[in-house]
Amino acid sequence: MSLAPTLHAETPAPALAPREQETLRHIAAGRTYLQTARHMGLSKHTVDAYLRRIKAKLNINNTAELTRLAISLGL
């Protein structure tokens, strides 16, 4: 019974904005920053900013962790 609150306490994640989710989905699918930017109609600098924001929100340090997160979120 006391296990459920522990599980929830370990997995809280700040909400990602819709464009952050879309960016994450593209990167997790193996697209480059430039490919993602072109598909989303953005500059690659904006894509980089979105990914830096996602990493900061979720305390993630690399693309592999980003990909793992995307998969776990069903993106």
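This section reports on the structure supplied with the text. (Residues numbered from 1 in each chain as written. Predicted model: local features only at pLDDT ≥ 70, side-chain atom pairs only at ≥ 80, totals over all residues. Heavy atoms only, no water.)

### Here's the deal with the nonpolar core
Defined as follows: Side-chain atoms within 4.5 Å are what join buried Ala, Val, Leu, Ile, Met, Phe, Trp, Tyr and Cys residues into a set we call a nonpolar core. Partly exposed describes any residue whose relative accessible area lies between the buried limit of under 20% and the exposed limit of over 50%, with all areas from a 1.4 Å probe on protein chains only and scaled to the type maximum. A helix here means a DSSP run of H or I that spans at least four residues, while a strand means a run of E at least two residues long, and both kinds are numbered starting from the N terminus. Throughout, a residue-residue contact means that at least one pair of heavy atoms, one from each residue, lies within 4.5 Å.
Within the largest apolar cluster, twelve residues are counted, these being Leu16, Leu24, Ile27, Ala37, Val47, Leu51, Ile54, Leu58, Ile60, Leu66, Leu69 and Ala70. Secondary-structure elements contributing two or more residues to this core are α2 (18-28), α4 (44-58) and α5 (63-73). With four residues, the single largest contributor to this core is α4. Leave out the neighbours within four places in its chain, and Ile60 touches Lys55, Glu65, Leu66 and Leu69.

### A word on the environment of Ala64
For Ala64, the position within the fold is in helix α5. Take Ala64: its relative accessible area is 58%, and that puts it in the exposed class. Put simply, Ala64 and Ile27 are 37 residues apart on the chain and 10.0 Å apart in space, counted from C-alpha to C-alpha.

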